[in-house]
Amino acid sequence: MMAFTLQEIEDNIKKYTELKKKVEEKISNLIENFELKRMQNGNDSVEVQDIGNTINALILLKREYEDEISRFEELKLSRCEKKSLRSKLTSDFYGY
């Protein structure tokens, strides 16, 4: 696994959070379109099925982004804990 700086971790969390929000907006718009097309054409239309498949694909992508956010948040936490521990060890060593 590649080592990230704290800033890189923060940047990745921000990036994946923004991507997740965009996907959520697309899902929301597609659901509205899905409902409209379903009322017009019924459940069996190809167009409705295509929109449904796209929604499912976006939901999977959203989950991947959520997993990445969680991974980077855990990495950030472990990085912060290590930094805190090093500070404590240094202060204990030097007596302050």
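Our subject in this report is the structure included herewith. Note that the structure is a prediction, hence the values are computed from the model and not measured.

Section: the nonpolar core
Within the largest apolar cluster, 16 residues are counted, with the highest numbers of intra-cluster contacts made by Ile9, Ile55 and Phe72. Those elements that provide at least two residues to this core are helix H1 (6–41) and helix H2 (46–94). Element by element, the count of residues in this core is highest for H2, at 8 residues.

Details of H1
An α-helical segment advances 3.6 residues per turn. Residues three or four places apart therefore align on the same side. With 36 residues, H1 should cover 52 Å at 1.5 Å per step; its first-to-last C-alpha distance of 51 Å lies within 8% of that length. By the burial criterion, the buried members of H1 are Ile9, Asn12, Ile13, Tyr16, Val23, Ile27, Leu30, Phe34 and Lys37.

Details of the environment of Ile27
Looking at the element boundaries, Ile27 is found in helix H1. For Ile27, a relative accessible area of 10% puts it in the buried group. Sequence-distant contacts of Ile27, that is, excluding residues within four places in its chain, are made with Ile55, Leu58, Ile59 and Lys62.

A closer look at the pattern of salt bridges
In total, this model carries 8 salt bridges according to the counting rule given. A salt bridge links Lys20 to Glu24; its shortest N-O distance comes to 3.9 Å. Here Glu24 and Lys20 lie together in helix H1, a separation of 4 residues that amounts to about one turn.

A few points about the packing of aromatic side chains
Throughout the structure, instances matching the rule amount to 3 aromatic pairs. With a centroid separation of 5.8 Å and 45° between ring planes, the pair formed by Tyr16 and Tyr65 is classed as tilted. Taken as a pair, Tyr16 in helix H1 and Tyr65 in helix H2 lie far apart in primary sequence, 49 residues in all. When the centroid spacing of 6.1 Å and the interplanar angle of 20° are considered together, the rings of Tyr16 and Phe72 count as stacked. Taken together, the positions of Tyr16 in helix H1 and Phe72 in helix H2 put the pair 56 residues apart, joining distant regions of the chain. For Tyr16, a relative accessible area of 16% translates into the label buried. The exposure class assigned to Phe72 is buried, which follows from its relative accessible area of 2%. Through successive ring pairs, a cluster of aromatic residues spans Phe4, Tyr16, Tyr65 and Phe72. Across the ring face of Phe72, the terminal group of Arg71 is positioned such that the distance to the ring centre comes to 4.5 Å.

Calculation rules
Residues numbered from 1 in each chain as written. Predicted model: local features only at pLDDT ≥ 70, side-chain atom pairs only at ≥ 80, totals over all residues. Heavy atoms only, no water. Core = buried A, V, L, I, M, F, W, Y, C linked by side-chain atoms within 4.5 Å. Buried < 20%, exposed > 50% of the residue type's maximum accessible area, 1.4 Å probe, protein only. Helix = DSSP H or I, 4+ residues; strand = E, 2+ residues; numbered from the N terminus. Expected span 1.5 Å × (residues − 1). Contact = heavy atoms within 4.5 Å. Salt bridge = Lys/Arg side-chain N within 4 Å of Asp/Glu carboxyl O. Phe/Tyr/Trp six-rings, centres within 6.5 Å; stacked < 30°, edge-to-face > 60°. Lys NZ or Arg CZ within 6 Å of the ring centre and 35° of its normal.

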